[in-house]
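# Topology and contacts: notes
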Amino acid sequence: MDRREALKRLGAYAAVGALGCSGESAPGDAAALSDTAPGAVAGAAGRQGGLLDAVGLQLYTIRGEMEGGVEAALERVAAIGYRTVEFAGYFGHSASEIRGILERTGLRSPAAHVAPSLEGDAWAAVVEDTLEAGHRYAVLAWIPPDARATLDDWRRWADRMNRAGEVARAAGLQFAYHNHDFEFHEVEGELPFDVIFGRTDPELVRIELDVYWITHGGGDPVAAFRRWPGRVPMIHVKDRTPTGEMADVGAGTIDWPTVLREAERAGVRYPFVEHDHPDGPYRSIEASYRYLAAVSL
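Residues numbered from 1 in each chain as written. Predicted model: local features only at pLDDT ≥ 70, side-chain atom pairs only at ≥ 80, totals over all residues. Heavy atoms only, no water.

Looking now at the overall build of the chain. Within the chain one finds 13 helices and 10 strands. Expressed as a percentage of its 297 residues, the buried residues of the chain come to 55%. Considering only residue pairs separated by 6 or more positions, the chain has 78% of its internal contacts joining residues 24 or more positions apart. When the accessible area of the chain is evaluated, it comes to approximately 12,200 Å², of which 48% is carbon and sulfur surface. (Helix = DSSP H or I, 4+ residues; strand = E, 2+ residues; numbered from the N terminus. Buried < 20%, exposed > 50% of the residue type's maximum accessible area, 1.4 Å probe, protein only. Contact = heavy atoms within 4.5 Å. Areas by Shrake-Rupley, 256 points an atom, 1.4 Å probe, with all protein chains shown as cover.)

This part covers the side chain of Thr200. The residue Thr200 is located in the loop between α9 (192-199) and β6 (205-210) in this model. Within the structure, the side chain of Thr200 is placed 2.5 Å from the backbone oxygen of Ile196, a separation counted as a polar contact. Within the structure, Thr200 has its side chain in polar contact with the side chain of Arg231 (distance 2.6 Å). Aside from chain neighbours lying at most four places away, what touches Thr200 is Ala158, Met161, Asn162, Val195, Val205 and Arg231. (Polar contact = N/O pair within 3.5 Å; in protein donor to acceptor, adjacent residues only side chain to side chain.)

Given two aromatic rings, their pairing is described by the distance between the two centres and the angle made by the two planes. For the structure on display, the rule yields 12 aromatic pairs. Where Tyr137 meets Tyr270, the ring centres are 6.3 Å apart and the plane angle is 75°; that geometry is what we call edge-to-face. With Tyr137 in strand β4 (residues 137-140) and Tyr270 in strand β10 (residues 270-273), this residue pair connects regions lying 133 residues apart in the sequence. Pair check on accessibility: Tyr137 and Tyr270 agree, each one buried. We note Arg63 situated over the ring of Tyr60; from NZ or CZ to the ring centre the distance is 3.9 Å. (Phe/Tyr/Trp six-rings, centres within 6.5 Å; stacked < 30°, edge-to-face > 60°. Lys NZ or Arg CZ within 6 Å of the ring centre and 35° of its normal.)

Our focus in this paragraph is α9. Of the positions making up α9, those classed as buried are Pro192, Phe193, Val195, Ile196 and Phe197. If you follow the buried residues of α9, they end up packed against α8 (151-170), β5 (174-178) and β6.

In this structure, Thr61 sits in the loop between β1 (56-58) and α4 (63-67). Classification of Thr61 by relative accessible area gives buried; the value is 3%. Taking the C-alpha atoms as reference points, Thr61 and Val273, 212 residues apart in sequence, are found 8.4 Å from one another. Leave out the neighbours within four places in its chain, and Thr61 touches Val273, Glu274, His275, Pro278, Pro281 and Ile285. Here the side chain of Thr61 touches Gln58 through a polar contact of 2.9 Å, landing on its backbone oxygen. A distance of 3.2 Å separates a polar side-chain atom of Thr61 from the backbone nitrogen of His275.

See the structure below:
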């Protein structure tokens, strides 16, 4: 399905976000979500197949540099060796401008983080921008604290994700949710992470597992991959020191060869390097890239 047809379908299915899940798939969904869809990519220089062929960068890591010029920042990212990027905001550019910048820099962007506006026209606009920019995944990056205080709050969010996932799928996209550590802190005797996984449709809602945050919250990324194979197409690759701070990949205590081998077995396709507060963003992303280029799975 091309972008124009996807946009037409989005208009036809936008009302689903308000009506709830029908349980029916739109015609052509399997083709629309194949790995030949816009944004699907492989090929970090110097590797021959496997998960680490698609090492990418979550651009939140260099948000300050992006504010100074998106295209110049992406040129530096590409020069380091990254071939895929995940957006966290467009820094004043339109989705079509972002698509042009990606084409000029030779980068591909399979995913973008989006705001928690999962209903009606607001969500339809997010989906339209995601399509226009050429992404394949629209990733809910965050749920505000005052909107997730109770277990019922989490159940409502899971239901919203199902509805948003159906609208996204009808348009040829895949919805996903990105975790932090709070999903691994019990609420009324249950883990919110289990609520999300258990209450959402696996075909409509995928998980982008942040390895640092699940570890920081007391969870186990390897156990998650084994428990939910095929449900996690993307991960955030960010390291953790013994005292809990973020670190360049390879400079902390996370056992990356084991984590990445298990991720590959579980069907992860896109590993995105990230560091929320690096000391020297370009230095950090180059150090992480060099470490991953040397890892043997």
